Amino acid sequence: MLTILGISESAKVAVGIFLVHLISLTLLVGSAIWYLATHGLDNLSLNFQLPVKGGSVANALFFGFSAAMLGISGFESSANFVEEQDRGVFPKTLRNMWIVVSFFNPVIAFLAIAALPMVEVGQHTETLLSHLGTTTGGRWLGMLISVDAVAVLSGAVLTSFVGVSGLMKRMTLDRILPQFFLKENKAKSNYLILITFFLLCASVLFITNGQLGPLSGCIPFRFWR
């Protein structure tokens, strides 16, 4: 509805979400470190005594690295608007994202293993970070992480609609797609493109019955494409 009404992305809003995200993750890391400092590393020792999944450390590292790479998203967002960016901006966006990801992803993964029993990790795969925040900092931190996740994902959904609208419009102008996709409303948005993309996303949701496992399995197809 927002994109059909002509609302696009705002750089100021994106920066605001990014800063809140960094603050939330920093609080989570600090809370987990404080928790380990006061409770010790007994849980970490117990977790490392468990059998290694994959049969060996090498296999475990390979599968973990592969899953982590599939879980890192957002790098394609800047590429959607590369033609609208000033010269030299695109490499900076990639650099900034890599810096953040290279620090927070491995640190949070280690802290989760150190602070949580592995059985709890398996029970809270869908809300692991909020559970980690609740365990180490209290309910307020868990709620903050949940709200932050909703804000980040909402921004990502808006980015996807804006990006797909530009992509399909360009393909339609190149006569790859039917010309009726070029129809615009009073807000100058290509509403048929947006509705088609929404129906496609909704069909995937209904086919998978809303289960996160099959839905996350769609990510590898994006890379195969």
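You'll find the structure just up there.
Overview of the structure. All values reported here derive from a predicted model rather than from experimental measurement. (Residues numbered from 1 in each chain as written. Predicted model: local features only at pLDDT ≥ 70, side-chain atom pairs only at ≥ 80, totals over all residues. Heavy atoms only, no water.)

Between two packed helices, what matters for the description is the angle formed by their axes and the separation of those axes. Taken N-terminus to C-terminus, the directions of helix H7 (residues 128-137) and helix H8 (residues 139-173) make an angle of 160°; their axes are 6 Å apart at the nearest point. When the axis of H7 is compared with that of H8, the two are roughly antiparallel. The chirality of how H7 crosses H8 is right-handed. Between H7 and H8, the contacting residues are Leu129, Ser130, Gly133, Thr134, Thr136 and Gly137 on the first element and Arg139, Trp140, Leu141, Gly142, Ile145 and Ser146 on the second. In terms of residue class, the contact of H7 with H8 is built from 4 nonpolar, 7 polar and 1 charged. (Axes fitted to C-alpha atoms, helices over the stretch in contact; angles between N-to-C directions. Helix = DSSP H or I, 4+ residues; strand = E, 2+ residues; numbered from the N terminus. Parallel < 35°, antiparallel > 145°, perpendicular 65-115°, else oblique. Left-handed = near helix turned anticlockwise from the far one by under 90°. Contact = heavy atoms within 4.5 Å. Nonpolar A, V, L, I, M, F, W, Y, C, P; charged D, E, K, R; others polar.)

On the surface, Phe48, Leu50, Phe110, Ile113 and Met118 cluster together to form a nonpolar patch covering roughly 470 Å² of accessible area. Take Leu50: it is sitting in the loop between helix H2 (42-48) and helix H3 (57-71). You can call Leu50 partly exposed: its relative accessible area is 41%. (Patch = residues over 30% accessible without salt bridge, like charges linked within 9 Å, V, L, I, M, F, W, Y side chains within 5 Å. Areas by Shrake-Rupley, 256 points an atom, 1.4 Å probe, with all protein chains shown as cover. Salt bridge = Lys/Arg side-chain N within 4 Å of Asp/Glu carboxyl O. Buried < 20%, exposed > 50% of the residue type's maximum accessible area, 1.4 Å probe, protein only.)

This next bit is on the layout of surface pockets. There is about 220 Å³ of room inside the second largest pocket. Going through the elements one at a time, H8 and helix H9 (191-207) are the ones with two or more residues in the lining of the second largest pocket. The element contributing the most residues to the lining of the second largest pocket is H8, with 4 residues. Among the residues making up the lining of the second largest pocket, the classes are represented as 9 nonpolar, 2 polar and no charged. (1 Å grid on protein atoms, 1.4 Å probe; cavity = no way out; pocket = protein on both sides within 12 Å on 5 of 7 lines; lining within 4 Å. Points joined across faces, edges and corners; volume = space filled by probe spheres on them.)

Before going further, it helps to examine the nonpolar core. The biggest cluster of nonpolar side chains holds 20 residues, and the ones touching the most others in it are Leu28, Leu36, Phe104, Ile108 and Leu132. Counting residues per element, the ones that place at least two in this core are helix H1 (11-39), helix H5 (89-115) and H8. Excluding its chain neighbours within four sequence positions, the residues that come into contact with Leu132 are Leu28, Ile108, Leu111, Ala112, Ala115 and Leu116. Of all hydrophobic cores here, the second largest spans 7 residues; its members include Phe161, Phe181, Leu194 and Phe197. (Core = buried A, V, L, I, M, F, W, Y, C linked by side-chain atoms within 4.5 Å.)

This brings us to H7. Restricting attention to buried positions, one finds in H7 the residues Ser130, His131, Leu132, Gly133 and Thr136. Against H1, H5, helix H6 (118-123) and H8 lie the buried residues of H7. At the C-terminal side of H7, Gly138 shows a positive phi close to 110°.

Before going further, it helps to examine the pattern of salt bridges. As a working rule, side chains carrying opposite charge can pair if their charged atoms are close by. Under the defined criterion, the tally for this structure stands at 2 salt bridges. Taking the shortest distance from any N to any O, the salt bridge between Glu184 and Lys169 comes out at 3.7 Å. Of this pair, Glu184 sits in the loop between H8 and H9 while Lys169 sits in helix H8, placing them 15 residues apart in sequence. Among the residues examined, Lys169 registers a relative accessible area of 29% and is labelled partly exposed.

Attention shifts here to H9. Note that an α-helix has 3.6 residues per turn; residues three or four places apart therefore point the same way. Compared with the 24 Å implied by 1.5 Å per residue over 17 residues, the 24 Å span of H9 between its first and last C-alpha is a close match. All buried positions along H9 are accounted for by Ile193, Leu194, Phe197 and Ala202. Seen from one end, H9 has its buried residues packed into an arc of 165°, which puts them on one side. Facing away from the buried side of H9 by more than 90 degrees, the exposed set consists of Leu199, Leu200, Phe206 and Ile207. Buried residues belonging to H9 abut H8. Immediately downstream of H9, the backbone of Asn209 shows phi near 60°, a positive value. (Expected span 1.5 Å × (residues − 1). Arc of directions from axis to C-beta.)

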